[in-house]
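Each chain, letter by letter, is given below.
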Amino acid sequence: MDRRAMRRPLKPALAVAAALLLAALPTGCGGGGSTSTGPAHLNWYNFPDDSGALQQAADGCTKASGGRYTIAYNKLPRAADGQRQQLVRRLAAHDEALDILGLDVTWAAEFAEAGWIRPWTGLDRARATAGTLAASLKTATWKGKLYAVPYNANTQLLWYRDDLVPRPPTTWAQMLDASRALAKAGKPHHVEIQGAQYEGLTVWFNTLIESAGGSILNASATAPSLGAPAVRAAGIMRELATSPAADPSLANQMEDQNRLAMESGTAAFELNYPFVYPSMKANQPDLFKHFHWAPYPRVDAARPARPTIGGIDLAIGAYSRHPALAHEAALCLRNRGNQMTAALKGGLPPTLRSLYSDPKLIASYPFAADILSALEHASVRPQTPAYQNISIAVSHTLSPPAGIEPVSAVADMKGQINDALQSKGLIP
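This write-up is about the structure you can find in this document.

**Overview of the packing of helix α8 (residues 199-211) against helix α17 (residues 387-397)**
Phase 1: Where α8 meets α17, the axes come as close as 8 Å, and the angle between the chain directions of the two elements is 80 degrees. In terms of axis orientation, α8 runs roughly perpendicular to α17. Along its contact with α8, which presents E199, L201, T202 and F205, the element α17 presents Y387, S391, V394 and S395.
Phase 2: For the contact of α8 with α17, the per-class residue count stands at 4 nonpolar, 3 polar and 1 charged.

Structural data, given as structure tokens:
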């Protein structure tokens, strides 16, 4: 309904007639509202889930509301870029049908700065933060305000074959040396990692630079930091890409290609998310017997690795007709039971710390303690409304990994990030 068409004052008789007519109409315009006698209709937009966990959560929370609201789970595109594009376009148009939004952990600053999502305050904030992992809360915070409730987390571990490597390496140097030794012996030796020109390449670099004691941006997120840790990170990427450890398809590989390569038996190591564990169990039971995990490799032996945190945060659309109910529903969608279901069915690590000691989770997540440790040491990607531009600058500069010249690449990246922070030259 276009409220701009209702600017002229009506004559008294016409006003009475219009009021009677409007009273007889449903209150919801564009499918995003509710009727005067029925429950409020809440739209939840999130990534497409094939496990059924998200639909189960929507149905369960609808039932638990006691008839006060219904939740419709709407699937966004599979690719993160497509998800963001759809949400940005609709929020820029002040779409009232967007109630609960599943945001990638890098979007909160941009959406908050644009005024597209509501801050969490009072009791809602207290309930959102209680028992929630600190790194997950950081992804949902901008300028000291909480703008979303963390729904799930994600992080990478080192996955390896114990029939090839009895003891997992603890550093990148050890892993690359082990790969070279396996190659020399004619055994599977690749290190599977995300080398394509996309967000996964930025995540790899961010993890390495943070693990080396640096960061992409300074503390105030106003300028690039980079420096010696960035040169070291870029050097490790090049070293892998130009060694026997590199998969021939490295420059085109994303997470799922890494999974498939490991399952094919050509790799000894894989840096990837927990979804690879149930996949290996289902697809390659013989290899699964030797499929183990370890903490993400360190850059320095004396400094713990800082793998980059991923996941989804639930925000409330600024133009929702039912913000109070949407906050309540979002808290239900990410409650203990629904996070457990998402972990067991969808392989999504929880954001509630207490779940990691739950025997039910540990039974299906034998690596729960390592995931929790990784999340407690996790790094967060640069928090800035310009993040999309920064990610483009990083991934374009470092692609392909085999062509990286560390010193010049970091210098070039610094200039591009400066431009990105000033909204110059790059369009997400």
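Having seen the model, we can carry on.
**Quick look at the sheet that holds strand β10 (residues 291-294)**
Phase 1: Here 4 strands make up an open sheet; going across it, the order is β8-β9-β7-β10 and the pairing mixed. Each of the sheet's edge strands pairs with one partner strand only, and the pair in question is β8 (190-192) and β10. Put simply, the sheet's adjacent strands are angled 25 degrees from each other on average, direction ignored.
Phase 2: Sheet topology places strand β7 (residues 157-161) next to strand β9 (residues 267-272); 4 bridges connect them, and they run antiparallel. Among the inter-strand pairings, Y160 is bridged to a residue of β9, identified as F269.

**What about the sheet that holds strand β2 (residues 69-75)?**
Phase 1: Taken in spatial order, the 5 strands make up an open sheet running β2-β1-β3-β11-β6, and their pairing is mixed. Among the strands making up the open sheet, the edge pair consists of β2 and β6 (149-154). On average, adjacent strands in this sheet sit at an angle of 20 degrees to one another, irrespective of strand direction.
Phase 2: By the bridge criterion, 7 bridges tie strand β1 (residues 40-46) to β2 in an arrangement that is parallel. If you follow L42 over to β2, its bridge partner there is I71.

**Notes on the pairing of β7**
Phase 1: For β7, a buried count of 5 out of 5 residues is recorded, marking the element as mostly surrounded by other parts of the structure.
Phase 2: Neither face of β7 is open: one carries L157, W159 and R161, the other L158 and Y160, and all of them are buried.
Phase 3: Pairing of β7 with β10 involves 4 bridges; the strand directions are antiparallel. Directly across from Y160, in β10, lies its bridge partner H292.

**Here we look at the pattern of salt bridges**
Phase 1: Using the criterion set out here, one finds 19 salt bridges in the structure.
Phase 2: Here E199 ties to R381 by a salt bridge, and the two come within 2.7 Å at their closest N and O atoms. In this pair, E199 sits in helix α8 while R381 sits in the loop between α16 (368-376) and α17, placing the two residues 182 residues apart along the sequence.
Phase 3: A relative accessible area of 24% means that E199 is categorised as partly exposed.
Phase 4: Connected through salt bridges with shared partners, the residues D177, R180 and E239 form a single ionic network.

**Points about the environment of P307**
Phase 1: Structurally, the position occupied by P307 is in the loop between β10 and β11 (310-316).
Phase 2: With relative accessibility at 4%, the residue P307 sits in the buried group.
Phase 3: For the pair P307 and E376, spaced 69 residues apart in the sequence, the C-alpha separation amounts to 9.8 Å.
Phase 4: If we skip the residues at most four places from it in the chain, P307 touches T155, Q156, T207, Y296, A374, A378 and S379.

**Here's the deal with the nonpolar core**
Phase 1: In this structure, W44, L87, I100, F111 and L314 are the most contacted members of the largest nonpolar core, which totals 49 residues.
Phase 2: Considering every element that reaches this core, the biggest residue donor is helix α13 (residues 323-333), with 6 residues.
Phase 3: In terms of nonpolar packing, the next biggest core, distinct from the first, is built from 48 residues, W172, A212, V299 and A305 among them.

Reading guide: rules and limits
- Residues numbered from 1 in each chain as written.
- Predicted model: local features only at pLDDT ≥ 70, side-chain atom pairs only at ≥ 80, totals over all residues.
- Heavy atoms only, no water.
- Axes fitted to C-alpha atoms, helices over the stretch in contact; angles between N-to-C directions.
- Helix = DSSP H or I, 4+ residues; strand = E, 2+ residues; numbered from the N terminus.
- Parallel < 35°, antiparallel > 145°, perpendicular 65-115°, else oblique.
- Contact = heavy atoms within 4.5 Å.
- Nonpolar A, V, L, I, M, F, W, Y, C, P; charged D, E, K, R; others polar.
- Pairing = 2+ DSSP bridges.
- Buried < 20%, exposed > 50% of the residue type's maximum accessible area, 1.4 Å probe, protein only.
- Salt bridge = Lys/Arg side-chain N within 4 Å of Asp/Glu carboxyl O.
- Core = buried A, V, L, I, M, F, W, Y, C linked by side-chain atoms within 4.5 Å.

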